[in-house]
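# A closer look at the structure
Chain residues, written in single-letter form:
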Amino acid sequence: MTVFIRAIGRWAINLLQELGKTGMFLVYSLYSIVWHPGRPVHVLKQVSFIGAKSLFVIVLTAAFTGMVLGLQGYYTLTKFGSEGMLGTAVALSLIRELGPVLSALMVTGRAGSAITAEIGIMRISEQIDALETMALDPYKYLVSPKFIAAMISMPLLCAIFDVVGIYGGWLVGVKLLGVNPGAYFSEMYKSVEWQDVYSGFVKSFSFGIIIAWIGCYKGYYAGHGAEGVSRATTESVVLTSVLILVWDYVLTSILL
Amino acid sequence: MIKLVNVHKSFANQTVLNGLNLSIPAGKTTAVIGPSGEGKSVMLKHMIGLLEPDQGDVFVDDRSIVGLRRSQLNTVREKFAMVFQNAALFDSMTVYENVAFPLEEKTNLGPDEVRVRVATALQEVGLRNVDHKYPDELSGGMKKRVGLARALLLEPCIVLFDEPTTGLDPVIRRSIHQLIKETQQKFGFTAVIVSHDIPDIFEVAHYVAMLYHGEILQFGTPEEIQASEHPVVRQFISGSLDGPINSGVV
């Protein structure tokens, strides 16, 4: 019985310590963005890696998401005889919810895992220690550029996701299923408000922070050897994805 | 110059340093020898603040470095350079970029001056025509030389060497030792070398410290260590299987 209670106590203490370490990592990272943002060239490289190189997967996912929304929306709306509202349904679903969340999940799978692997390998091969022994701040070289790049890239990717998705819905709704093209766009213009676009961008900006935060943190504190990096990468993707969904709920309830 | 006072360090349930006391003389080369897994690298990392002791203190130039903020620690680290066991070169950079990195980040030198200084540093460690190569295209000995060139470029006051010759053939091993000896004499820095290379290390070091079970067992000149009557020191130097050191091999 004592052993069991001790085990629970140890687990709870470890959990609290881990939470504290994760929180401190975020605080120091945000502090570094302001005071040690790194060279612009490093930030640009990361924007290219996190943003530009994610473009293909974002466009592909957005197109098919929009097309599925077009199909499902048409099926549902025809039951009420309001298929003219298809544009509104597709646009609001994408702009408010699916654009930020799905683009963040795609970037997590593509770039978040790579960030963890890159920093994790630098950790186990003592490259981070080498930076520290040169009296250089690893946050400035490894963490800040990734944070800034993720904060820049995510809203842009989200915007592209939204536009491509809306045209995906248009392709299916208007071209394949015969919805009136004028109605598709005019209803959308009437219904989508600045508040909707704003909430989507706030979400994608904060998801960018989550992706960089967890990706960098898990790599920075990766365990030993190839197995440690592999575990850190898996944990990074899972934790980031879960956090994105949880934070999405919190933000939606605030911004609604 | 560097002083470790009653340093204790444990990882999980394993005690690595157990009340270690050591003073490193300034401007001299001190070798730290001892069986594998006794905490020599851990001790080295305490000297530069990469690890903090659970108990005890570490002084650099009479100033405690335990509990310092990152910015304060970086001021202390300006005096240091470290050559890692596996060189710790940045694997996404070429040899040139690796060696130039500290110059570009910490000085205001122009590109031409950086180019000249990098070329000189690489030449001094006996490397030619490797500027454009990546670390994974180099042999172990070449990597260590690049690591050495990178470490010495900013003319540090203290250089820490973590097993600089492990895994190298005897000829390269000797040439690296020679290189360390020559550069130490030339620049006059304080060197701390963690090594297993017996007896080669006795030719390089001014002082030798034997680390065993997390404590310094003996400290003295190479001659004093070689003449030691302590059974652990004797067994380690002779490489004998009989003695108090348990090799772990059955």
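Values in this document were obtained by computation on a predicted structure and should not be read as measured data. Starting afresh in each chain, residues are numbered from 1 along the sequence in its written order. Ligands are numbered from 1 and chains lettered from A, in the order in which they are written. Selection of residues for local features in this predicted model requires a pLDDT of at least 70, selection of side-chain atom pairs for listing and counting requires 80 or more, and totals for whole chains, interfaces and linings are taken over all residues.

## Structural notes on the overall build of chain A
- What counts as a helix is a DSSP run of H or I of at least four residues, what counts as a strand is a run of E of at least two, and both are numbered from the N terminus. The number of helices and strands found in chain A is nine helices and zero strands.
- The order of helices and strands in chain A, counted from the N terminus, is α-α-α-α-α-α-α-α-α.
- Seen through its principal axes, chain A has C-alpha atoms that stretch 65 × 55 × 30 Å.
- Any residue with 12 or fewer other C-beta atoms within 10 Å of its own C-beta is exposed, any with 20 or more is buried, and the rest are partly exposed; the C-beta atoms used are placed from the backbone. Of all 256 residues assigned to chain A, the portion counted as buried reaches 44%.
- Sequence-distant contacts, at least 24 apart, represent 88% of the contacts inside chain A between residues at least 6 apart. Contact between residues is assigned whenever the C-beta positions, reconstructed from backbone atoms, fall within 7 Å.

## Comments concerning the overall build of chain B
- Each helix and strand counted, chain B has nine helices and ten strands in total.
- Atoms considered for the radius of gyration are the C-alpha atoms alone. The globule rule reads 2.2 Å times the number of residues to the power 0.38. The C-alpha radius of gyration computed for chain B amounts to 18 Å, which stays within 12% of the reference 18 Å derived for 250 residues, consistent with globular compactness.
- By its C-alpha atoms, chain B is 55 × 40 × 35 Å across when sized along the principal axes.
- Here the analysis covers contacts within chain B between residues at least 6 apart in sequence; of these, 64% occur between residues at least 24 apart.

## Some words on the pairing of strand 10 (residues 215-220) of chain B
Residues and elements named next belong to chain B.
- Strands pair, by our definition, only if DSSP identifies at least two bridges between them. Direction of pairing for strand 9 (residues 207-212) relative to strand 10: antiparallel, over a ladder of five bridges. Its bridge partner being in strand 10, Tyr212 is matched across the sheet by Glu215.
- Hairpin connection of strand 9 to strand 10: two residues between the antiparallel strands, including His213 at a positive phi of 50°.

## Structural notes on the confidence of the model for chain B
- Each residue gets a pLDDT score, which is the predictor's confidence in that residue and runs from 0 to 100. Mean pLDDT over chain B stands at 87; residues scoring 70 or higher make up 98%.
- Across the whole predicted complex the pTM is 0.84, and at the interface the ipTM reaches 0.85.

## Side note on the domain arrangement of chain B
All names here are of chain B.
- The domain boundaries assigned to chain B delineate domain 1 (1-79 + 161-245) and domain 2 (89-155).
- Domain 1 and domain 2 are separated by 26 Å when their C-alpha centres are compared.
- Contact with domain 1, which involves eight residues of that partner, is made by seven residues of domain 2.
- When residue character is reported, Ala, Val, Leu, Ile, Met, Phe, Trp, Tyr, Cys and Pro are called nonpolar, Asp, Glu, Lys and Arg charged, and the others, Gly included, polar. Counted by class, the side of domain 1 that touches domain 2 contains six nonpolar, two polar and no charged residues. Where a domain begins and ends is set by an automatic assignment or by a domain database.

## Section: the interface of chain B and chain A
- Taken together, the contact pairs 16 residues of chain B with eleven residues of chain A.
- At the level of secondary structure, the elements contributing two or more residues to the side of chain B that touches chain A comprise helix 2 (70-77), strand 6 (80-83) and helix 3 (95-106) of chain B.
- Class assignment for the residues of the side of chain B that touches chain A results in nine nonpolar, two polar and five charged.

## Some points on the sheet that holds strand 5 (residues 63-64) of chain B
Residues and elements named next belong to chain B.
- The four strands are arranged 2-1-4-5 in an open sheet whose pairing can be described as antiparallel. The strands lining the two open edges of the sheet, one partner per strand, are strand 2 (14-24) and strand 5.
- Across two bridges, strand 4 (residues 55-60) lies against strand 5 in antiparallel orientation. Bridge pairing in strand 5 places Phe59 opposite Ser64.
- Lines fitted to C-alpha atoms define the axes, with helix axes restricted to the stretch in contact, and inter-axis angles between N-to-C directions lie between 0 and 180 degrees. The strands that helix 1 (residues 40-47) touches are strand 1 (2-11), strand 2 and strand 4; relative to strand 1, the one it contacts most, it runs at about 125°.

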